[in-house]
Amino acid sequence: MVVCVCNALREKDVRAAARAGHDSPCQAYASLGRRARCGQCVPFAREIIASERATA
């Protein structure tokens, strides 16, 4: 599933960044060489990161 249309980031990429220790969408995106642009994806990215952190 695509999380960020502006950056073409997929859910698996955000989950992998969260597992690598990135705690926020900005950190996760930066680890992937991207940054949030329009911001529409940030709430969903936060949910994904929280989900990964809860299962870790």
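The structure under discussion appears in the preceding block.
What counts, and at which threshold
- Residues numbered from 1 in each chain as written.
- Predicted model: local features only at pLDDT ≥ 70, side-chain atom pairs only at ≥ 80, totals over all residues.
- Heavy atoms only, no water.
- Helix = DSSP H or I, 4+ residues; strand = E, 2+ residues; numbered from the N terminus.
- Rg over C-alpha atoms; globule rule 2.2 N^0.38 Å.
- Buried < 20%, exposed > 50% of the residue type's maximum accessible area, 1.4 Å probe, protein only.
- Contact = heavy atoms within 4.5 Å.
- Areas by Shrake-Rupley, 256 points an atom, 1.4 Å probe, with all protein chains shown as cover.
- Lys, Arg positive; Asp, Glu negative; His and termini not counted.
- Charge placed at Lys NZ, Arg CZ, Asp CG, Glu CD.
- Axes fitted to C-alpha atoms, helices over the stretch in contact; angles between N-to-C directions.
- Parallel < 35°, antiparallel > 145°, perpendicular 65-115°, else oblique.
- Left-handed = near helix turned anticlockwise from the far one by under 90°.
- Nonpolar A, V, L, I, M, F, W, Y, C, P; charged D, E, K, R; others polar.

*Asks:* Break down the overall build of the protein chain for me, with residues and values.
*Replies:* Summing up its helical and strand segments, the protein chain has three helices and two strands in all. Taken over C-alpha atoms, the radius of gyration comes to 10 Å for the protein chain, in line with the 10 Å a tight globule of 56 residues would show. C-alpha atoms of the protein chain, sized along the principal axes, occupy 30 × 20 × 15 Å. Counting only residues that meet the buried cut, the protein chain has 29% of its 56 residues in that class. Contacts in the protein chain between residues at least 24 apart in sequence constitute 53% of all its contacts with a sequence separation of at least 6. For the protein chain, the exposed area adds up to about 3,600 Å²; of that, 51% sits on carbon and sulfur atoms. Side chains of the protein chain carry 9 positive and 5 negative charges; the gap between the two charge centres is 7 Å.

*Asks:* For the side chain of Asn-7, give the residues involved together with the corresponding values.
*Replies:* Take Asn-7: it is sitting in the loop between strand 1 (2-4) and strand 2 (9-10). Those residues in contact with Asn-7 that sit more than four places away from it in its chain are Tyr-29, Arg-34, Arg-35, Ala-36 and Arg-37.

*Asks:* Give me the packing of helix 1 (residues 11-19) against helix 3 (residues 42-55): which residues, what numbers.
*Replies:* Running from N to C, helix 1 and helix 3 cross one another at 50°; their axes reach a closest spacing of 9 Å. Between helix 1 and helix 3, the interaxial angle falls into the category oblique. Seen along the crossing, helix 1 lies across helix 3 with a hand that is right-handed. Residues Glu-11, Val-14, Arg-15, Ala-18 and Arg-19 of helix 1 pack against Ala-45, Ile-48, Ile-49, Ser-51, Glu-52 and Arg-53 of helix 3. Along the lines of polarity and charge, the residues of the contact of helix 1 with helix 3 split into five nonpolar, one polar and five charged.

*Asks:* Go over the environment of Ala-28, please, and point to the residues and values.
*Replies:* Position of Ala-28 among the secondary structure elements: in helix 2 (residues 25-31). A residue is classified by how much of its surface remains accessible, and Ala-28, at 0% relative accessible area, is buried. Apart from the residues within four sequence positions on either side, Ala-28 is in contact with Ala-17, His-22 and Ile-49.

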